[in-house]
There are 2 protein chains.
Amino acid sequence: MSEQARPPIARRGRSAKPPLSSRSIVDATLALVRERGVDALTLRQVAERVDTGPASLYAYFANRDVLLEHVLDAAYAEVRLVDTHDGERGWREALAGTIVETITTLARYPGLGSVALGTIPVLPGALRLAEHELALMDEGGVPPGRAALGIDLIAQFAASSAIERSVRLLGGRGDGERQQVRSAYENADPALFPRIRRQAALLTAPDDRARRDFAIRVLIDGIERTAT
Amino acid sequence: MSEQARPPIARRGRSAKPPLSSRSIVDATLALVRERGVDALTLRQVAERVDTGPASLYAYFANRDVLLEHVLDAAYAEVRLVDTHDGERGWREALAGTIVETITTLARYPGLGSVALGTIPVLPGALRLAEHELALMDEGGVPPGRAALGIDLIAQFAASSAIERSVRLLGGRGDGERQQVRSAYENADPALFPRIRRQAALLTAPDDRARRDFAIRVLIDGIERTAT
DNA sequence: CTTCAATCACGAACACTGTTCGCGAACAGT
DNA sequence: ACTGTTCGCGAACAGTGTTCGTGATTGAAG
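A.B. asks: Please explain the packing of helix α5 (residues 91–107) of chain B against helix α12 (residues 208–225) of chain B as it appears in this structure.
C.D. replies: Helix packing geometry: the angle between the two helix axes and the distance between the axes. Residue and element names in this part refer to chain B. Running from amino to carboxyl end, α5 crosses α12 at an angle of 130°, the nearest separation of the two axes being 10 Å. Compared by their axis directions, α5 and α12 come out oblique. Remark: the crossing between α5 and α12 carries right-handed chirality. Contact residues: Trp91, Arg92, Leu95, Ala96, Ile99, Val100 and Ile103 in α5; Arg212, Ile216, Ile220 and Glu224 in α12. When its residues are assigned to classes, the contact of α5 with α12 shows 8 nonpolar, no polar and 3 charged.

Next comes the structure, spelled out in structure tokens:
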């Protein structure tokens, strides 16, 4: 029933190889995800990093998905929390900064955003982030019911933004592709898609940062004023 | 040499078998995705549905991902566009309805939301949706620059909502899991996560619909008023 | 100090996957 | 009737997540 602490694992006689543990497996996986992304991650690579075979990982995690959930939480734990700095900064700016930090941290680990969207947050790293956001909204006088909806919305936005960004990073060709999309819009059928054709330039103009900042402003303003 | 029995070779021209085409492959895949989801989809299943071998699919689509992009667009094409019905309904309500339709349509095809987040929309189904949203915002007097940011934000929100929803549907046990999450929050370390512990009930109270409606209101209000 | 059962690491194997290759059948143009 | 070309697709490949049985390594008992 209750999970007791795992006894220290004695290593086999020879070298002083570091002992296997969930912590070390998660850390190794996190590093691999940063280098290659979740999609390219294989359990064999993880096993090699911790100097064992793939079967050994199953003593610590039921399967690949469970391992990734813990890796995600380790990433959440790395997010720098921006606070109001004793009133120097407003709660809105602190919250916006925390959201940006969440996105950039997640985007550093390509594919983890997808894990985040499929997981209900219960591990400590995610709770830490949620607690901080609740505290900021509390400071801003946001009623708790709305704050509850707000942190869900923020988490969903941050995860999906990280996915979009890391896909664009891995896909490469950042600027060439935009030109390509723009010309696709400009050549769209004017009978079916007149606005897209006419506003092609405007539609492809904003860069990632502009979209992100606009979205964050929409979210925070909305959380502050929208009736529940 | 046990296998000499090949099916009668009447394969060509006026054979009883319908000719292979991108359209028929996409349709077959769409049906399979609705039944089993993207993750469980294999090219062998698709090939079997169109009565061929997996290698033949590569004559029409460069790889699995490209096929899925076309499947996504076929799903977009199914989204029912809600309009203002000659002024009976406001543009906000029409836009909200269209967003809901997009989410429910995508959620009917588990896993397609992830494809949507990784794809820049250029195929006709996505353009049709974007054109409609642009028209509604135009009717509402939203300036084009803000509308451009708006459709991006809406697309991102719809895709990520569909992911969350279909994950929750496939994960099953909708209500039991919520109880579990709630008790996890209630038992959180009060020194580290006081608000989560105190507001556990509030945090787990809103259901999917409440969250979705709140989010849509935040988005539309924000798009209407937030400065660019 | 020896013995023994329990624990746990992990090599090998399994069932599948997306993708490639090359043969051969079916056509169009001589 | 004979090509040259196209293209469907069976078979094979490299690699995946996961399972299982084996054997090494242990703390405690004798």
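A.B. asks: It is not clear to me how the side chain of A:Thr204 should be interpreted in this structure. Could you clarify?
C.D. replies: Residues and elements named next belong to chain A. Tracing the backbone through its elements, the reader meets Thr204 in helix α11 (residues 200–204). The buried category is assigned to Thr204, whose relative accessible area is 7%. Of the polar contacts made by the side chain of Thr204, one reaches the backbone oxygen of Ala200; its length is 3.0 Å. If we ignore the near neighbours within four places in the chain, the residues touching Thr204 are Arg178, Val181, Arg182 and Tyr185.

A.B. asks: Would you mind showing me how to read the nonpolar core here?
C.D. replies: For soluble globular proteins, the rule of thumb is that nonpolar side chains tend to be buried together. Ranked by size, the top nonpolar core spans 69 residues in total, and within it A:Met137 and B:Met137 carry the most contacts. Excluding residues that lie within four positions of it along the chain, B:Met137 makes contacts with B:Trp91, B:Leu95, B:Val142, B:Ala147, B:Gly150, B:Ile151, B:Ile154 and B:Ile223. Counting 68 residues, the second largest nonpolar core, distinct from the first, contains A:Ala74, A:Ala75, A:Leu112 and A:Ala162.

A.B. asks: Just checking my understanding: could you explain helix α1 (residues 22–36) of chain A for this structure?
C.D. replies: The periodicity of an α-helix, 3.6 residues per turn, causes residues three or four positions apart to be oriented the same way. All names here are of chain A. Taking 1.5 Å as the rise per residue, α1 with 15 residues should run 21 Å; its terminal C-alpha atoms sit 21 Å apart, in good agreement. Those residues of α1 lying buried are Ile25, Val26, Ala28, Thr29, Leu30, Ala31, Leu32 and Val33. Elements in contact with the buried residues of α1: α2 (43–49), α3 (54–57), α4 (64–77) and α6 (112–117). Just beyond α1, the residue with positive phi is Gly37, at close to 95°.

A.B. asks: Which parts of the structure should I look at to understand empty space enclosed by the protein?
C.D. replies: Considering all chains together, one arrives at 4 cavities of 30 Å³ or more under this definition. What the largest cavity holds in volume is close to 60 Å³. Broken down by secondary-structure element, the contributors of at least two residues to the lining of the largest cavity are α8 (144–171) of chain A together with α8 (144–171) of chain B. The residue inventory of the lining of the largest cavity, partitioned by class, reads 6 nonpolar, 4 polar and no charged.

A.B. asks: I would appreciate a short explanation of unusual backbone geometry in the present structure.
C.D. replies: Note: most residues except glycine have negative phi, and most peptide bonds are trans. Positive phi values are uncommon outside glycine, yet A:Asp51 reaches one of about 60°. Looking at the element boundaries, A:Asp51 is found in the loop between α2 and α3.

A.B. asks: Is there a simple way to explain the relation of the copies chain A and chain B in this structure?
C.D. replies: The two chain copies are connected by a rotation around an axis plus a translation along it. Its rotation angle being 180°, the transformation that places chain A on chain B also includes 0.0 Å of axial translation and leaves an RMSD of 0.0 Å. Here the symmetry operator amounts to a two-fold rotation axis. Looking at chain A, 100% of its interface residues are interface residues in chain B too, so the copies touch through the same face.

A.B. asks: Is there a simple way to explain the confidence of the model for chain A in this structure?
C.D. replies: Any segment with low pLDDT has predicted coordinates that should not be analysed in fine detail. The share of residues in chain A with pLDDT of 70 or more is 90%, and the mean pLDDT across the chain is 89. Across residues 1–16 of chain A, confidence stays below pLDDT 50; counting only partners more than four residues off in sequence or on other chains, it has 10 contacts.

A.B. asks: Please explain a negative patch on the surface as it appears in this structure.
C.D. replies: A cluster of acidic side chains, namely A:Asp83, A:Asp86, A:Glu88 and A:Glu139, defines a negative patch on the protein surface. For A:Glu88, a relative accessible area of 67% puts it in the exposed group.

A.B. asks: Which parts of the structure should I look at to understand the interface of chain A and chain B?
C.D. replies: By a frequent convention, interface size equals the accessible area lost on bringing the separate parts together. At the interface, 57 residues of chain A touch 57 residues of chain B. Both faces combined, the contact of chain A with chain B buries some 4800 Å², and carbon together with sulfur accounts for 69% of it. The largest contributions to the chain A side of the interface with chain B come from A:Glu131, A:Arg195 and A:Phe214, which together make up 13% of the buried area. Counting every contact that joins chain A to chain B gives 6 salt bridges. Salt-bridge contacts for A:Arg211 lead to B:Asp152; the nearest nitrogen and oxygen are separated by 1.8 Å.

Each value, and the rule that gives it
Residues numbered from 1 in each chain as written. Chains lettered and ligands numbered in written order. Predicted model: local features only at pLDDT ≥ 70, side-chain atom pairs only at ≥ 80, totals over all residues. Heavy atoms only, no water. Axes fitted to C-alpha atoms, helices over the stretch in contact; angles between N-to-C directions. Helix = DSSP H or I, 4+ residues; strand = E, 2+ residues; numbered from the N terminus. Parallel < 35°, antiparallel > 145°, perpendicular 65-115°, else oblique. Left-handed = near helix turned anticlockwise from the far one by under 90°. Contact = heavy atoms within 4.5 Å. Nonpolar A, V, L, I, M, F, W, Y, C, P; charged D, E, K, R; others polar. Buried < 20%, exposed > 50% of the residue type's maximum accessible area, 1.4 Å probe, protein only. Polar contact = N/O pair within 3.5 Å; in protein donor to acceptor, adjacent residues only side chain to side chain. Core = buried A, V, L, I, M, F, W, Y, C linked by side-chain atoms within 4.5 Å. Expected span 1.5 Å × (residues − 1). 1 Å grid on protein atoms, 1.4 Å probe; cavity = no way out; pocket = protein on both sides within 12 Å on 5 of 7 lines; lining within 4 Å. Points joined across faces, edges and corners; volume = space filled by probe spheres on them. Least-squares fit on C-alpha atoms with pLDDT ≥ 70 in both. pLDDT = per-residue confidence, 0-100. Patch = residues over 30% accessible without salt bridge, like charges linked within 9 Å, V, L, I, M, F, W, Y side chains within 5 Å. Areas by Shrake-Rupley, 256 points an atom, 1.4 Å probe, with all protein chains shown as cover. Salt bridge = Lys/Arg side-chain N within 4 Å of Asp/Glu carboxyl O. Lys, Arg positive; Asp, Glu negative; His and termini not counted. Charge placed at Lys NZ, Arg CZ, Asp CG, Glu CD. Buried area = accessible area lost by both parts, 1.4 Å probe.

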